[in-house]
Amino acid sequence: MSDSVFCIVNVHLATMNPKHGAYGAIKNGALVANKGKIVWLGKERDLPADYRNIGPIDGQGQWLLPGLIDCHTHLVFGGNRADEFEQRLQGVSYADIAKAGGGIRRTVQATREASENELLSLALERAQTLIDQGVTTVEIKSGYGLDTDTELKMLKVARKVGEKLPIRVKTTFLGAHALPPEFDGNPDGYIELVCNEMLPEVAKHNLADAVDVFCESIGFSREQTQRVFEKAKALGLPVKLHAEQLSNLGGSTLAAEYQGLSVDHIEYLDEAGVKAISQSGTVATLLPGAFYFLKETQKPPVDLLRQYDVPMAIATDFNPGSSPLCQLQLMLNMACTLFALTPEEALKGVTLNAAKALGLDDQVGSLELGKAADMVLMAIDHPNQLAYNFGVNPVKSRWLRSKHLV
């Protein structure tokens, strides 16, 4: 038998596979992995004899879950905007700060000025924070460069995070995040740069796994978004969208037309948009950290998403302006307390549905035969505890592609 085979026994499995019922739970279970893949799981009493002789790992009656997935982050950036947080507490809106030259543009300046090594050092610290919480997959967006060189720099840093740390990284090109100062009054000219220069360079160097746009009144129009989507499609890159965060421009319906992986934020999404993404299989990614931090009041249409069976993912949206919260487990609690998700829906949002939002649901996101052995062992009494209890880290062991990390 291969040396890469290992077996975990005396453990409860939260497989997140609905065929096993709530949380995909298998009590008193066992799991076998070989060469980075799950090759057997079930009740320990049914463990085949061949696997009982390979020096099993004792799970000590704890819970084994699929590795957590943070499917929407802006992990690579320079500087911080703590003073803008203070301004918002004094009544200045996020939109007004952006119009005054703050917001994303301020982070753009800091990111342009930072060296690749400086950005990498910061990103590694942030990614390690997520790893310590049981995250085994993270999406990292660009979008704080807004020129070709800096956007490429950000994506190179994001790729290096996955090379230097034990975490699976998916990168997303978000060049159409905001209008840079050199294109003031000329958004169409900037979109032309994104489509004709930035995206071809990104694709040429294989730096992005998807393409995103901020389709919003302070971002880009539906028509401008469509131009970016058309170019991404021509280059063979899937699309995602920041949509319906501050208003309803119909971005989610557009994303559905392009079979978008996900639409994110979506506080102002209407029933027509929900129906469209339901038909396209697009994931609705909820970002409670930004909702909380910006003190928003318009909640995403969770009941409609349930009605139309739209998969809901949860993510940190970790960024310096609207969600400087590098804590995925906190998002589980916020999704329940702010958006009225159930603990099971929230946990599914950072496992199976988060994987789907990245186009990875055939590889990770649940404990199933043939999927990657990306797993986390947690000292909890029940999986619902992850949405209930915050501040004490329950992670005891982690595996990435079968490699034991703790």
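The model shown is predicted, which means the values in this text are computed figures rather than measured ones.

**Student:** Outline the overall build of the protein chain, supporting the account with residue identities and numerical values.
**Tutor:** The secondary structure content of the protein chain amounts to 15 helices and 16 strands. For a compact globule of 406 residues, the expected C-alpha radius of gyration is about 22 Å, and the protein chain comes in at 21 Å, within 12% of that figure. In terms of its C-alpha atoms, the protein chain occupies a principal-axis envelope of roughly 70 × 40 × 40 Å. When the 406 residues of the protein chain are sorted by exposure, 58% land in the buried category. Here the analysis covers contacts within the protein chain between residues at least 6 apart in sequence; of these, 70% occur between residues at least 24 apart. Carbon and sulfur atoms provide 47% of the accessible area of the protein chain, an area that totals close to 15,600 Å². Mean positive and mean negative side-chain charge positions of the protein chain (39 and 48 charges, respectively) differ by 5 Å.

**Student:** Kindly report on the UniProt feature "domain: Amidohydrolase-related" (unreviewed entry) in the protein chain, identifying the contributing residues and their values.
**Tutor:** As annotated by UniProt and renumbered to match this structure, "domain: Amidohydrolase-related" (unreviewed entry) occupies residues 64–386. Secondary structure over residues 64–386 splits into 45% helix and 14% strand, and the C-alpha atoms at its two ends are 13 Å apart.

**Student:** Explain helix α3 (residues 104–113) to me, using residue names and the numbers behind them.
**Tutor:** All of the buried residues along α3 are I104, T107, V108 and T111. The buried residues of α3 all sit within an arc of 110 degrees when viewed along its axis, so they share a single face. Buried positions along α3 lie against α2 (94–99), α4 (116–132) and α5 (148–164).

**Student:** Give me the sheet that holds strand β13 (residues 312–314): which residues, what numbers.
**Tutor:** Within the open sheet, the 8 strands sit side by side as β6-β7-β8-β9-β10-β11-β12-β13. Their pairing is parallel. At either end of the open sheet lies a strand with only one pairing partner, and these are β6 (68–70) and β13. Sheet twist, expressed as the mean angle between neighbouring strand axes with direction ignored, is 25 degrees. Bridge analysis of β6 against strand β7 (residues 135–141) gives 3 bridges, and the strand direction is parallel. Each residue of the ladder has a partner; that of I69, found in β7, is T137. The sheet contacts of helix α6 (residues 187–204) involve β8 (168–176) and β9 (210–215), and relative to β8 the element is tilted by about 150 degrees.

**Student:** Quick rundown of the packing of aromatic side chains? Include the residues and the values.
**Tutor:** Enumeration over the complete set of coordinates arrives at 8 aromatic pairs. Taken together, a centroid distance of 6.1 Å and an interplanar angle of 25 degrees make the contact between Y190 and F220 stacked. On the criterion of sequence distance, the pair formed by Y190 in helix α6 and F220 in the loop between β9 and α7 (222–234) is long-range, its members being 30 residues apart. Grouping residues by exposure puts Y190 and F220 together as buried. With centroids separated by 5.0 Å and ring planes inclined at 75 degrees, the aromatic side chains of F291 and F339 adopt a geometry described as edge-to-face. Here the residue F291 occupies a position in helix α10 (residues 288–293), and F339 occupies one in helix α12 (residues 328–339), the gap between them amounting to 48 residues. Of the two residues, F291 and F339, neither departs from the other in class, the shared state being buried. Ring pairs connect the aromatic residues F77, Y144 and F318, which therefore count as one cluster.

**Student:** Please set out the pairing of strand β1 (residues 6–14) residue by residue, giving values where relevant.
**Tutor:** In terms of burial, β1 is largely enclosed, as 8 of its 9 residues are buried. Strand direction decides the pairing type here: β1 and strand β2 (residues 25–34), joined by 6 bridges, are antiparallel. Paired with A14 across the bridge in β2 is A25. Relative to strand β4 (residues 57–58), β1 runs parallel, the two sharing 2 bridges. Paired with V9 across the two strands is D58, which belongs to β4. In this structure, β1 lies alongside strand β5 (residues 63–66), joined through 2 bridges in parallel fashion. Counterpart to H12 in the pairing with β5 is W63.

Thresholds applied
Residues numbered from 1 in each chain as written. Predicted model: local features only at pLDDT ≥ 70, side-chain atom pairs only at ≥ 80, totals over all residues. Heavy atoms only, no water. Helix = DSSP H or I, 4+ residues; strand = E, 2+ residues; numbered from the N terminus. Rg over C-alpha atoms; globule rule 2.2 N^0.38 Å. Buried < 20%, exposed > 50% of the residue type's maximum accessible area, 1.4 Å probe, protein only. Contact = heavy atoms within 4.5 Å. Areas by Shrake-Rupley, 256 points an atom, 1.4 Å probe, with all protein chains shown as cover. Lys, Arg positive; Asp, Glu negative; His and termini not counted. Charge placed at Lys NZ, Arg CZ, Asp CG, Glu CD. UniProt positions renumbered as here; feature names shortened; annotations may be inferred. Arc of directions from axis to C-beta. Pairing = 2+ DSSP bridges. Axes fitted to C-alpha atoms, helices over the stretch in contact; angles between N-to-C directions. Phe/Tyr/Trp six-rings, centres within 6.5 Å; stacked < 30°, edge-to-face > 60°.

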